[in-house]
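Commentary on secondary and tertiary structure
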Amino acid sequence: MLRLLLNILWVVLGGFWMALGWWFAGLIMAITIIGLPWARACFVIGGFTLWPFGSSAVNRELVTGNRDIGTGGLGCLGNVIWFVLAGWWLALGHLFAAIANFVTIIGIPFGIQHLKFALIALAPIGKTIVDKNTGQPLW
């Protein structure tokens, strides 16, 4: 019940707009065709951004136990390209949302969550979203 309340407050206090930002970045990436790997990450993280409480972003290698294209050297290169094209914009948006939430006392937990999302925005490739209770991937 508490997760539901926190997620509803999150949507009202900036989560909806930042999720739209992630989905917009995903749409732009998908239009370019070569940006499809980043587009998928944007849509998944956009869903996580919309409803974050009860879930966590972790390194995919920790969940699967295997290295893959996104958790190896190509994933690192993909994150560098992502940072240049869109990552810093999304991170900046989350940073501004965090500052706006920190101004209020009730918004402090949401500001902390926005800072976590700002870090994810810098390097999303190789991450997966898992349920905090079960550790199972959600998307």
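Higher on the page you've got the structure.
These numbers come from a predicted model, not from an experiment. (Residues numbered from 1 in each chain as written. Predicted model: local features only at pLDDT ≥ 70, side-chain atom pairs only at ≥ 80, totals over all residues. Heavy atoms only, no water.)

Looking only at helices and strands, the chain features five helices and two strands. Counting helices and strands in the order they occur from the N terminus, the chain gives α-α-β-α-α-α-β. Taken over the C-alpha atoms alone, the chain extends approximately 40 × 30 × 20 Å along its principal axes. Per-residue burial over the chain gives 40% buried out of 139 residues. In the chain, once contacts between residues fewer than 6 apart in sequence are set aside, the share between residues at least 24 apart is 69%. Entry remark: accessible area of the chain is about 7,800 Å², with carbon and sulfur atoms responsible for 77%. (Helix = DSSP H or I, 4+ residues; strand = E, 2+ residues; numbered from the N terminus. Buried < 20%, exposed > 50% of the residue type's maximum accessible area, 1.4 Å probe, protein only. Contact = heavy atoms within 4.5 Å. Areas by Shrake-Rupley, 256 points an atom, 1.4 Å probe, with all protein chains shown as cover.)

Summed over all chains, the structure comprises one salt bridge. Glu61 is the salt-bridge partner of Arg67, the closest N and O atoms lying 3.6 Å from each other. For Arg67, a relative accessible area of 56% corresponds to the exposed category. (Salt bridge = Lys/Arg side-chain N within 4 Å of Asp/Glu carboxyl O.)

Function-wise, these values are silent; they only describe arrangement.
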